[in-house]
Amino acid sequence: MNPVRTLKKALIAAATVALCLSSGNLFAAGKVLKVAIIAPSASNDLAFTQSIVEGINAIKAERELDVAITDGTFVVEDAAAAIRDYAAKGYDLVIAHGSQYGGSLKEIAKDFPKTAFAWGTSADTFGMPNVSSYEAHSEEGGYVMGMMAAALSKSGSIGVVGPIEVGDAKLYVDGFVAGAKAQKADIKTNVNYIGSFSDVALAAEAARAHLAVGSDVLTGTAQMVVGAVGVAKTKKAAWFGTQANQTVLAPEIVVACQVYKWEVILKQILADMDQGVLGGKKYAISLANNGLVIEFNDKYELPADVKTIGMDAITAIKEGKITVLK
Amino acid sequence: MNDFFSTTILIATVASGIRLATPFLLASLGEALGQRSGVLNLGVDGVMLMGAFVAYFVVLKTGNPLIGAAAGILLGMVFGLVYAFITVNLHAEQGVSGIGIYLFGLGMSDLLFQKLVGTPLPIMPFPEIHIPLLADIPIIGPMLFTHSLIVYVAFLLVPAFTLLLNSTTYGMNIRAVGENPAAVDSLGVSVTKVRYSAIIIGNGLAGLAGAALAIELGIFQHNLTNSMGFIAIALVYFGAWRPFGVMAGSLIFGMVAAIVLQGKTLGIIPRSASDLAAMAPAVITIFALVLVANRFKQPAALSKPYERGR
Amino acid sequence: MQEVKSKVTSWLIPIGAVIAALALGAIMLLALGAEPLSGYATMFGAAFGNLKGLSATAMKSIPLLLVGVGICISFRANVINIGGEGQMVMGALWATITALSFPHLDSLMLVPLVLLMGILGGAVWGAIPGALKAYFNVSEILSTIMLNIVAVQIMNYLLRGVLIDPGEIERGTRIPQTARLPETSDLPLLFEGLRVHLGFVIALLAAFAVWVLLWRTALGFKLRSVGLSREAARYAGIPVKRSIITALALSGAMAGLAGAILVFGSESHRMVTDGSSTGFTGSAGFNGIVVALFAGLHPLWSIPSSLLFGGMLVGANALQRAAQVPSALVIALNGLIVVFVVSSEFFRRKLQQHHSARQAIEEDSRLTEENVGS
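Procedures and definitions
- Residues numbered from 1 in each chain as written.
- Chains lettered and ligands numbered in written order.
- Predicted model: local features only at pLDDT ≥ 70, side-chain atom pairs only at ≥ 80, totals over all residues.
- Heavy atoms only, no water.
- UniProt positions renumbered as here; feature names shortened; annotations may be inferred.
- Helix = DSSP H or I, 4+ residues; strand = E, 2+ residues; numbered from the N terminus.
- Expected span 1.5 Å × (residues − 1).
- Buried < 20%, exposed > 50% of the residue type's maximum accessible area, 1.4 Å probe, protein only.
- Phe/Tyr/Trp six-rings, centres within 6.5 Å; stacked < 30°, edge-to-face > 60°.
- Pairing = 2+ DSSP bridges.
- Right-handed = clockwise from strand over helix to strand, strands pointing away.
- Axes fitted to C-alpha atoms, helices over the stretch in contact; angles between N-to-C directions.
- Contact = heavy atoms within 4.5 Å.
- Buried area = accessible area lost by both parts, 1.4 Å probe.
- Salt bridge = Lys/Arg side-chain N within 4 Å of Asp/Glu carboxyl O.
- Polar contact = N/O pair within 3.5 Å; in protein donor to acceptor, adjacent residues only side chain to side chain.

K.L.:
Could you give an account of the UniProt feature "transmembrane region" (unreviewed entry) in chain C, with specific residues and numbers?
P.N.:
As recorded in UniProt, the feature "transmembrane region" (unreviewed entry) lies at residues 12-34, 54-75, 108-128, 140-159, 196-215, 244-265, 277-295 and 325-347 of chain C. With 100% helix and 0% strand, residues 108-128 of chain C has end C-alpha atoms that lie 31 Å from one another.

K.L.:
Explain helix α4 (residues 84-101) of chain C residue by residue, including any values.
P.N.:
In a regular helix each residue adds 1.5 Å, so 18 residues correspond to 26 Å; α4 of chain C covers 26 Å between its end C-alpha atoms and thus fits that length. Judged by how many residues are buried, α4 of chain C sits mostly within the fold: 14 of 18 residues are covered.

K.L.:
So what about the packing of aromatic side chains? Which residues, and what values?
P.N.:
Aromatic ring pairs are defined here through the distance separating the ring centres and the angle between the ring planes. All names here are of chain B. Throughout the structure, instances matching the rule amount to 21 aromatic pairs over all chains. Seen in terms of ring centroids, Tyr 56 and Phe 220 are 6.2 Å apart; in terms of plane orientation they differ by 35°. Their pairing is tilted. Here Phe 220 lies in the loop between α9 (191-217) and α10 (228-238) and Tyr 56 lies in helix α2 (residues 44-62), a separation of 164 residues in the sequence. Feature note: the residues Phe 53, Tyr 56, Phe 57, Phe 113 and Phe 220 constitute an aromatic cluster, connected by ring pairs.

K.L.:
A description of the pairing of strand β8 (residues 217-220) of chain A should follow, citing residues and the corresponding values.
P.N.:
All names here are of chain A. Here β8 shows no split at all, with Val 217 and Thr 219 on one side and Leu 218 and Gly 220 on the other all buried. With four bridges joining them, strand β6 (residues 157-162) and β8 adopt parallel strand pairing. Bridge pairing in β8 links Val 160 to Thr 219. Note: β8 against strand β9 (residues 238-243), three bridges, orientation parallel. Across the sheet, Thr 219 pairs through a bridge with Phe 240, a residue of β9. You can see the chain leave β8, run along helix α8 (residues 226-234) and come back into β9, and the turn it takes is right-handed.

K.L.:
So what's going on with the sheet that holds strand β12 (residues 292-296) of chain A? Residues and values would help.
P.N.:
Residues and elements named next belong to chain A. Sheet architecture is open: six strands sit in the order β7-β6-β8-β9-β10-β12, paired in mixed fashion. Pairing within the sheet leaves two strands with one partner each, and these edge strands are β7 (188-193) and β12. The sheet shows a mean angle of 15° between the axes of neighbouring strands, direction not considered.

K.L.:
Which residues make up the environment of Thr 192 of chain B, and what values go with them?
P.N.:
Residue and element names in this part refer to chain B. For Thr 192, the position within the fold is in helix α9. Of the residues examined, Thr 192 reaches a relative accessible area of 35% and is grouped as partly exposed. Here the alpha-carbon distance between Thr 192 and Phe 145, two residues 47 residues apart in the chain, equals 40 Å.

K.L.:
How would you explain the UniProt feature "transmembrane region" (unreviewed entry) in chain B if you had to name every residue and give the values?
P.N.:
Residue and element names in this part refer to chain B. Per the UniProt record, "transmembrane region" (unreviewed entry) is annotated on residues 6-27, 39-60, 66-86, 98-117, 137-165, 196-220, 240-261 and 273-293. Overall, residues 6-27 shows 100% helix and 0% strand. The separation of its end C-alpha atoms is 32 Å. Secondary structure across residues 240-261 comprises 86% helix and 0% strand; the distance between its end C-alpha atoms is 28 Å.

K.L.:
Report on unusual backbone geometry, specifying residues and quantitative values.
P.N.:
Look at the link from Gly 120 of chain A to Thr 121 of chain A: it is a cis peptide, with omega at 5°. Position of Thr 121 of chain A among the secondary structure elements: in the loop between β4 (116-120) and β5 (131-136). Notably, Phe 126 of chain A is not glycine yet its phi reads approximately 60°, a positive angle. Among the secondary structure elements, Phe 126 of chain A is positioned in the loop between β4 and β5. The phi dihedral of Leu 133 of chain B is positive, around 70°, even though this residue is not glycine. Structurally, the position occupied by Leu 133 of chain B is in the loop between α4 (94-116) and α5 (140-144). Judged by relative accessible area, which is 70%, Leu 133 of chain B ranks as exposed.

K.L.:
An account of the pairing of strand β2 (residues 65-70) of chain A is needed here, citing residue identities and associated values.
P.N.:
Residue and element names in this part refer to chain A. For β2, the tally of buried residues reaches five of six residues, placing the bulk of the element in the interior. The pairing of strand β1 (residues 33-38) with β2 spans six bridges and is parallel. Residue pairing in the sheet places Val 35 in a bridge with Val 67 of β2.

K.L.:
Please give an account of the interface of chain A and chain B that cites residues and values.
P.N.:
Taken residue by residue, the interface counts 32 residues in chain A and 30 residues in chain B. In this assembly, chain A packs against chain B so that about 2700 Å² is buried in total across both faces, 58% of it on carbon and sulfur atoms. By the criterion of area lost to chain B, the three top residues of chain A are Asn 44, Glu 205 and Val 213 of chain A, representing 19% of everything that side buries. For the pair chain A and chain B, the number of links is two salt bridges. Two residues, Glu 128 of chain B and Lys 235 of chain A, come together in a salt bridge whose shortest N-O distance is 3.2 Å. For the pair chain A and chain B, the number of links is eight residue pairs in polar contact (both at pLDDT 80 or more).

K.L.:
How would you summarise the interface of chain B and chain C if you had to cite specific residues and measurements?
P.N.:
Taken together, the contacts link 45 residues of chain B with 41 residues of chain C. Between chain B and chain C lies a buried interface of about 3900 Å² when both sides are counted; carbon and sulfur atoms form 79% of it. Considering only the side of chain B, the residues that lose the most area to chain C are Leu 90, Asp 275 and Ile 286 of chain B, jointly responsible for 15% of the buried surface there. Applying the counting rule to chain B against chain C returns one salt bridge. Its salt-bridge partner being Arg 160 of chain C, residue Asp 275 of chain B comes within 2.8 Å of it at the nearest N-O pair. Where chain B packs against chain C, one counts one residue pair in polar contact (both at pLDDT 80 or more). Elements with a minimum of two residues in the side of chain B that touches chain C: α3 (65-89), α4, α10, α12 (274-278) and α13 (280-291) of chain B. If you tally residues by element for the side of chain B that touches chain C, the top one is α4 of chain B, at 14 residues.

Shown next as structure tokens:
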């Protein structure tokens, strides 16, 4: 018997045991996790719902997942039924992608202590061990793009089209306005919350109203802004987008978009689940963790100095030299 | 300077009101024609949605908004043909079959969009047409004469429909069929033919209204119309089945919406009150109808199927 | 014997219409790359195949049935009510405000109180178009549609303002929803482990009550008389204007009750808005009209009708989850079914006429024979 070989064998065995132990948890190695997503609008809305679908697809490219998506669930009670159904069917992670679903989730999660739930955008886990929350610091990208917008505007007036003054829409708009003011103190920012997440026609007309008072740079958030982008396009006004990359809507006027990379936090949530942690944590995407990315449109001829303003702001926010809305 | 600024805003607001009124006007005119012949169609919104999708899809493929608008009209007319068969030949309850059409259009347009297009890609909108000479008139010109083709078409249809209804044999037949189909029948005029034609034209206009919306916005989305079709039906009652009355209703509705929008943009209407402001068009439309002493009666045979000898 | 046969065929025709619509739906499913039979099996199984499904179907049918029986009242009085959405919202708001105001009442007090306030809220929102119709001759079609818009904005205003969960302000998230309503206002569950709650029983009772009202009371007689002919009713001394208001108020009351039950039987036990009425009602204010007309404006037939349409909605959501078929398909399918069934009514009537005509002829010839014989 060769002592060296025995030692080698022993070492390999020990290493294997250690490996198994380190990954030993609720979800045995090799098991494919089942993930369900419930979202309010269509999977390809170029906005909120598309961002989470792209996020989970990015994860799927790296690890095997069994994913089910129920999109277009704007009826809150239907979403609640879907959440309960997925949990009852044994899905490991149920993601309620809409802040309006939180009230229902809070009640349902109690009944399924072994299921991991995540919901957003929010920073409230209800103190439950199996619920995590996730949010987007969309005010950061808003701030960056607000600064660029102010620098870009020749008329000194900027228009913002919002849905209802809540959640990440409010954060983005507030950040954008703050950024514009920081760049140019006397800039005029007209904010119009149209009161709907779905009325494309009203969003378009709101954009027209902005153009009529002389705004030459526009931005907006939520899925109904596709109408506003169209109007901006006909009048050659510059557009800043958020949530997803909206360049395809109007390549000639989209300057830049703040894109949500939910995969950053989805990866963390899944890693925590691998460790047996089902929830109780708050996650957020930000410029610093690359969950928020400002994607510039190469086709738009953005003056170099304006782009520099944006890049500098990104760096400053990442390094914590600028804190937005605090 | 300040003066000039407010004139600009006035012009923009009026122009915006006219634009917002256009889809309502088209759909209402169509519905009014159908109701004048005695057929109620609660499915306008569904037809608008289908017209909007088909127009959007055609423009996406051809790049030509005119072909898209034509496709919208055609689609509407096909729906009209089906609806006429259901209501005129099969004597179906008009309220409920209209809601069936609405549900079908709502679901089908969304389904087709998801399967055939997916991502809301933008399409080419109608170009603005500045009418020579008229567009150069100060204030009035930019308000009224710098719109897209579809806006002019919609408003020109108002006098055209008035003429049609009041001064042509066909128009008289439509009105008579809506009031007393038996009498018309006894004169040897086919009630079926008159109603078929009125429903087909009416639904064609609903299709055009949807097409106008999709092409003006350059986009399609699930439930793009947001129940505009139902408001269009309400405006028919507002306008007492008369083209100019319907136009007045559409304009009030559109103008109030435009004023509210502009007020919010300029910060005149505080953000906390924006929800309350959003109900203004609805409230004002009701009040306007209360104030305008309503002396008009609806077509006597409205929503009653005609059967010979009954 | 003849009569039984004609009854059977008169039932076969609407069923045939549903099957025809489903066949069209099957073609659509095929076009979407889904297996139609297993698709329908999934839908049916999810809606009626087990206790959980039945419970979900019953839940979905509650607002449909309540709005539907309300529609029976107003349409029987020949008043069109397209304001179910707004009346549901207003009923829900009144009930929610009440629950938030009296959190310390015990369940036996609070539950009836909030439901009553829901009824009142809906009744007032229905009475307004009634009064506008009666005294200003404003078409109820116009006013009910417009008041839907108004109700939604009142909801948005209140839920973003005075009614908002204080926690939402604290956290700065400002989701437009109330705090969790007091637990004493929760509608008690009927069975352990199933979601279906007391609201279902209330809806069934309401359907029965409306049947009694319409066919066993003087008020019901008046309403139906007004519906048959306003002129004749006026001659008979029935107060037509008051009847119109009553009809719309009662219709609204049922919708308001539906709204209240939706809130207190919801998963979240709070009121939340996404800015539209649909996000809250799930379009029950419209679908209830379909349910009622499908049931021939009969409150008791509205019960199976509401279960059918409720089951379709449950099945649609299940199909979307199981086969990733967009639920838009089922909305379109619902539309087809409505159109087909309403159209099939024509053939049923023709058949009945045919039967009665034949009976008349047989009767006639029998009499003739007898005459000849004597």
